[in-house]
Amino acid sequence: MKTNLLAAAAAATVAFAVPVSAGEAGAPITTEEVEAAQKEWGDGIIAISRVHADGGDYTARAREHLDDLYNYDHGMVLFKPTLAAEDQFRGTYDEALSYFVTGMRAEDSGFAIKGWTDVRFENEGIVTDDDNAMAMGNYYFTGPDGSVTKVEYTFGYVRDEDGDLRINVHHSSMPFSS
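Since this is a predicted model, take the numbers as computed values, not measurements.

Novice: Break down unusual backbone geometry for me, citing the residues and quoting the values.
Specialist: Phi is positive for Asp 130, which is not a glycine, with a value near 50 degrees. Turning to its location among the elements, Asp 130 is positioned in the loop between strand E2 (118–129) and strand E3 (132–142).

See below:
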């Protein structure tokens with residue numbers, strides 16, 4: 001009996017050691033998964049900037065970012081980039097890529113290749129509801145000179161058939177200034 005209890009306790013400890021962000025298709029989305037997805041998104045932006053600064057194939061890295069994190073291959077994405085004015089919304093994969101690394105639109109100066117060295121999310125709140133989640137707050141981008149740019153965001157997430165979170169809503173804007 002004692003052996004069975006010890007084995008059960010050990011099994012329970014191992015179960016809690018498994019990362020929450022592993023996710024299973026159909027499992028409810030958790031706050032921890034959203035926070036992990038936010039970190040992955042920020043790390044991806046920094047990686048694109050780094051590859052650009054190093055003279056590498058930053059467009060390929062931006063494609064990887066879109067492929068891994070956005071829902072373009074699985075359904076609709078509502079994307080309103082921070083610095084978009086003429087073409088405010090980017091509903092296609094190619095339009096999102098253009099915003100991140102330049103290309104299709106004259107106004108696209110390559111948001112993800114501006115030399116960002118850090119991205120920090122400050123959530124106002126995260127709402128989870130079984131197969132979707134939303135987060136809203138501010139995120140802060142640290143530039144190569146150490147300056148910090150505050151941006152307001154709302155991200156929506158869905159879980160794909162592999163259990164991974166995908167961004168299906170991305171709205172960013174600069175804070176109001178009078």
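Novice: Now, about empty space enclosed by the protein: what can you tell me, with residues and values included?
Specialist: Summed over the entire model, instances satisfying the criterion amount to one cavity of 30 Å³ or more. Considering only enclosed or pocket space, the largest cavity measures out at about 30 Å³ in volume. Across the lining of the largest cavity, the residue classes tally to seven nonpolar, three polar and no charged.

Novice: Can you lay out the sheet that holds E2 for me, pointing to particular residues and giving the numbers?
Specialist: Read across the sheet, five strands follow the order E1-E5-E4-E3-E2 without closing on themselves; strand pairing throughout is mixed. Edge positions in the sheet fall to strand E1 (78–80) and E2, since each of these pairs with one other strand and no more. Along the sheet, successive strands turn relative to each other by an average axial angle of 25 degrees, direction set aside. Note that strand E4 (residues 148–159) and strand E5 (residues 165–173) share eight bridges and pair antiparallel. Bridge pairing in E5 places Arg 159 opposite Leu 165.

Cut-off values and rules
- Residues numbered from 1 in each chain as written.
- Predicted model: local features only at pLDDT ≥ 70, side-chain atom pairs only at ≥ 80, totals over all residues.
- Heavy atoms only, no water.
- Helix = DSSP H or I, 4+ residues; strand = E, 2+ residues; numbered from the N terminus.
- 1 Å grid on protein atoms, 1.4 Å probe; cavity = no way out; pocket = protein on both sides within 12 Å on 5 of 7 lines; lining within 4 Å.
- Points joined across faces, edges and corners; volume = space filled by probe spheres on them.
- Nonpolar A, V, L, I, M, F, W, Y, C, P; charged D, E, K, R; others polar.
- Pairing = 2+ DSSP bridges.
- Axes fitted to C-alpha atoms, helices over the stretch in contact; angles between N-to-C directions.

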